[in-house]
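# Observations on the three-dimensional arrangement
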Amino acid sequence: MPYQLNFEKLVSFDINQDGIWIDVEIKYSDSNVKINAKIDTGATYSIFERHFGEELGLEIESGMRQRFGTATGSFYAYGFRVTLTVAEIELDSMVFFAEDESFSKNVLGRITWLENLIFGLVDQAGKIYLSKYEPE
Amino acid sequence: MLTTIEAEIDVNGKITLLEPLKISKKSRVIITLLNDETPINQAKPINGQPKADDNLQLEWLKANRDQYAGKYIALDGDILVAQAETLQEIRKLTKGKNNLFIVKVFAQETVVSAGL
């Protein structure tokens, strides 16, 4: 039995990169930053470098402190409610900015981002199909 | 001084406040049921930003998320509207309500995955 999904947006990514990287815009109040971030279905939340939060005018340590784990250890980051936009799809999201200035990763994770999308991937063609998930 | 705020009452009589309310002592209230069909929350101004102060909501999350650790919560400003185990469940509970912020929260010291 075939299944069919319809998508609003098509995003291309570079298949030669290590991972799937796409452009994302974060808005907070009247500020915004544009970031190239890696999609990571293993990340609970979206996490970004500290300086991006500071560029948005956020006082990082005033956010919701959360401990994050990796294969090699753990670190703290601070959460804020922002608008996360990928391929013109805007989502009201909780994202985190790393406490440590040397943290140099930017990842798009599940809670308030991936979980609110219909996501189609054709890896070898470098294409992602996206729609906002609207429950019936 | 009289204070008026918007609230929702369900068929079982349970009242949920839809706006922040700070009181310093036990107070008398009068409940007025509206008979119009205005959808709850849609009467509020929405400019792409939550009506309530972002800082109040963040402070609520910081102060209360441990109590709801591992659950999805729906907030209207700094008012908790609903909680549930899953995103689908909380969407059902809040169906028809606009301008809510829905997020799953964890205790601060719970190690959540950074992927990477």
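Residues numbered from 1 in each chain as written. Chains lettered and ligands numbered in written order. Predicted model: local features only at pLDDT ≥ 70, side-chain atom pairs only at ≥ 80, totals over all residues.

### Structural notes on the overall build of chain A
Secondary structure summary: chain A contains one helix and ten strands in total. Put simply, chain A runs from its N terminus to its C terminus through helices and strands in the order β-β-β-β-α-β-β-β-β-β-β. A compact globule built from 136 residues would reach a C-alpha radius of gyration of about 14 Å, and chain A, at 15 Å, matches this within 12%. Counting only C-alpha atoms, chain A reaches 50 × 35 × 25 Å along its principal axes. Here chain A, with 136 residues, has 33% of them falling under the buried criterion. Expressed as a percentage of contacts within chain A between residues at least 6 apart in sequence, the contacts between residues at least 24 apart total 56%. (Helix = DSSP H or I, 4+ residues; strand = E, 2+ residues; numbered from the N terminus. Rg over C-alpha atoms; globule rule 2.2 N^0.38 Å. Buried ≥ 20, exposed ≤ 12 C-beta atoms within 10 Å, placed from the backbone. Contact = placed C-beta atoms within 7 Å.)

### Brief notes about the overall build of chain B
The secondary structure content of chain B amounts to two helices and six strands. The buried share of chain B, taken over its 116 residues, is 21%. Here the contacts in chain B between residues at least 6 apart in sequence split such that 48% fall between residues at least 24 apart.

### Remarks on unusual backbone geometry
Residues and elements named next belong to chain A. With phi around 55°, Ser-29 is a residue other than glycine that occupies positive phi space. One can find Ser-29 in the loop between β2 (21-28) and β3 (31-39). Non-glycine residue Thr-112 carries a positive phi angle of around 70°. On the basis of neighbour count, Thr-112 is assigned to the buried category, with 23 C-beta atoms found within 10 Å.

### Concerning the interface of chain B and chain A
On the chain A side, the residues contacting the 22 residues of chain B number 26 residues. Here the element with the most residues in the side of chain B that touches chain A is helix α1 (residues 54-64) of chain B; it accounts for five residues. Of the strand pairs in this sheet, strand β5 (residues 64-70) of chain A and strand β6 (residues 111-113) of chain B are connected by three bridges, and their pairing is parallel. By the bridge assignment for β6 of chain B, Phe-68 of chain A is matched with Val-112 of chain B. (Pairing = 2+ DSSP bridges.)

### Details of the sheet that holds strand β9 (residues 117-122) of chain A
Residue and element names in this part refer to chain A. Strand order in the open sheet made by the three strands is β1-β10-β9, with antiparallel pairing throughout. Single-partner strands in this sheet number two, and they are β1 (9-12) and β9. The mean angle between the axes of side-by-side strands here comes to 20°, regardless of whether they run parallel or antiparallel. Direction of pairing for β9 relative to strand β10 (residues 127-132): antiparallel, over a ladder of six bridges. (Axes fitted to C-alpha atoms, helices over the stretch in contact; angles between N-to-C directions.)

### Here's the deal with the environment of Val-33 of chain A
All names here are of chain A. Position of Val-33 among the secondary structure elements: in strand β3. Val-33 gets classed as partly exposed once you count the C-beta atoms within 10 Å, which come to 18. Put simply, Val-33 and Arg-81 are 48 residues apart on the chain and 14 Å apart in space, counted from C-alpha to C-alpha. Not counting residues up to four positions away in its chain, the partners in contact with Val-33 are Ile-26, Phe-52, Glu-55 and Leu-56.

### A closer look at the sheet that holds strand β4 (residues 79-84) of chain B
All names here are of chain B. Here three strands make up an open sheet; going across it, the order is β4-β3-β5 and the pairing antiparallel. What marks the edges here is a single partner per strand, and that holds for β4 and β5 (101-104). Each strand of the sheet is rotated relative to its neighbour by a mean of 25°, with strand direction disregarded. Inspection of the sheet shows strand β3 (residues 72-76) paired to β5 by four bridges, in the antiparallel sense. Residue pairing across strands places Ala-74 opposite Ile-102, the latter belonging to β5.

### Details of the environment of Ile-39 of chain A
Residues and elements named next belong to chain A. Here Ile-39 shows up in strand β3. Residue Ile-39 is classed as buried on the basis of its C-beta count, with 23 C-beta atoms lying within 10 Å. The spacing of Ile-39 and Leu-117 is 78 residues in sequence and 13 Å in space, taken between C-alpha atoms. Those residues within four positions of Ile-39 in sequence are excluded, and the remaining contacts are Ile-20, Ile-22 and Leu-108.

### Some thoughts on the confidence of the model for chain B
Reading fine detail from the predicted coordinates is not recommended where pLDDT is low. Residues and elements named next belong to chain B. For chain B, the average pLDDT comes to 78, and 71% of its residues sit at 70 or higher. Ignoring residues within four places in sequence, the model shows residues 36-52, a span with pLDDT below 50, making 24 contacts including any to other chains. Predicted complex metrics record ipTM = 0.92 and pTM = 0.79. (pLDDT = per-residue confidence, 0-100.)

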